[in-house]
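# Coordinates in review
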Amino acid sequence: IRVAVTRCAQRPEPDTNPRELCNRFTLLRVEGDNEGAAMCLSPDVDWIRFQDASLFAPSEAMSDPHTIGRERVIQLWTEQVAQGLERHPTTVWMPDSGTDLFSREML
């Protein structure tokens, strides 16, 4: 599975380069700082979650695989943590096709 992000995310500091932003996001998520990680996302982020019931069974409120906005993404992450889902990144973000896209292999 490959996860890709575009460079339209909000930069916490104006001079943060895109790869640094992706790496910062990953570190904040691993540390459990969901609010900090969400600040690396655009305010109207369109987050698509994994759809594997053996990993995560969403509540009715989170049943749509698409989640729009930072606050909703934080709600999703909170539900995932409550069900024991843990983040263990094993790859790094790399430039993908074009200058506005970074990706990393997930599984």
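The subject of this paragraph is the overall build of the chain. Counting secondary structure elements, the chain contains three helices and five strands. Along the chain, from the amino end to the carboxyl end, the secondary structure elements read β-α-α-β-β-α-β-β. A buried classification covers 32% of the 107 residues belonging to the chain. Of the contacts formed within the chain by residues at least 6 apart in sequence, a portion of 56% connects residues at least 24 apart. Per element, the accessible surface of the chain, about 6,800 Å² overall, is 55% carbon and sulfur.

Our focus in this paragraph is the confidence of the model for the chain. Predicted confidence across the chain gives a mean pLDDT of 78, with 68% of residues reaching 70 or more. Per-element confidence in the chain ranges from a low mean pLDDT of 50 for strand β1 (residues 2-6) to a high of 93 for helix α3 (residues 70-82).

This next bit is on the side chain of Arg49. Tracing the backbone through its elements, the reader meets Arg49 in the loop between β2 (46-48) and β3 (66-68). Buried charge without a partner: Arg49 forms no salt bridge, and the closest opposite charge is Asp64, 6.7 Å away. A polar contact is formed between the side chain of Arg49 and the backbone oxygen of Ser63, at a distance of 2.9 Å. Ignoring sequence-local partners within four residues, the contact set of Arg49 consists of Phe56, Pro58, Met62, Ser63, Asp64, Pro65, Leu76 and Gln80.

So, on to helix α1 (residues 18-30). Taking 1.5 Å of rise per residue, the 13 residues of α1 would be expected to cover 18 Å, and the 19 Å separating its terminal C-alpha atoms lies within 8% of that figure. All buried positions along α1 are accounted for by Pro18, Leu21, Cys22, Phe25, Thr26, Leu28 and Arg29. Viewed along the axis of α1, the buried residues span an arc of 165°, placing them on a single side of the element. A positive phi of about 85° marks Gly32, the residue just after α1.

Any aromatic ring pair is given by two values, namely how distant the centres are and how the planes are angled relative to each other. All chains considered together, the criterion is met by three aromatic pairs. For the ring pair Trp47 and Trp77, a centre distance of 5.3 Å and an interplane angle of 80° mean the geometry is edge-to-face. With Trp47 in strand β2 and Trp77 in helix α3, this residue pair connects regions lying 30 residues apart in the sequence. The buried category is assigned to Trp77, whose relative accessible area is 1%. Its guanidinium or amino end placed over the ring of Trp77, Arg29 lies 3.8 Å from that ring's centre, counting from NZ or CZ.

Rules of the game
Residues numbered from 1 in each chain as written. Predicted model: local features only at pLDDT ≥ 70, side-chain atom pairs only at ≥ 80, totals over all residues. Heavy atoms only, no water. Helix = DSSP H or I, 4+ residues; strand = E, 2+ residues; numbered from the N terminus. Buried < 20%, exposed > 50% of the residue type's maximum accessible area, 1.4 Å probe, protein only. Contact = heavy atoms within 4.5 Å. Areas by Shrake-Rupley, 256 points an atom, 1.4 Å probe, with all protein chains shown as cover. pLDDT = per-residue confidence, 0-100. Lys, Arg positive; Asp, Glu negative; His and termini not counted. Salt bridge = Lys/Arg side-chain N within 4 Å of Asp/Glu carboxyl O. Polar contact = N/O pair within 3.5 Å; in protein donor to acceptor, adjacent residues only side chain to side chain. Expected span 1.5 Å × (residues − 1). Arc of directions from axis to C-beta. Phe/Tyr/Trp six-rings, centres within 6.5 Å; stacked < 30°, edge-to-face > 60°. Lys NZ or Arg CZ within 6 Å of the ring centre and 35° of its normal.

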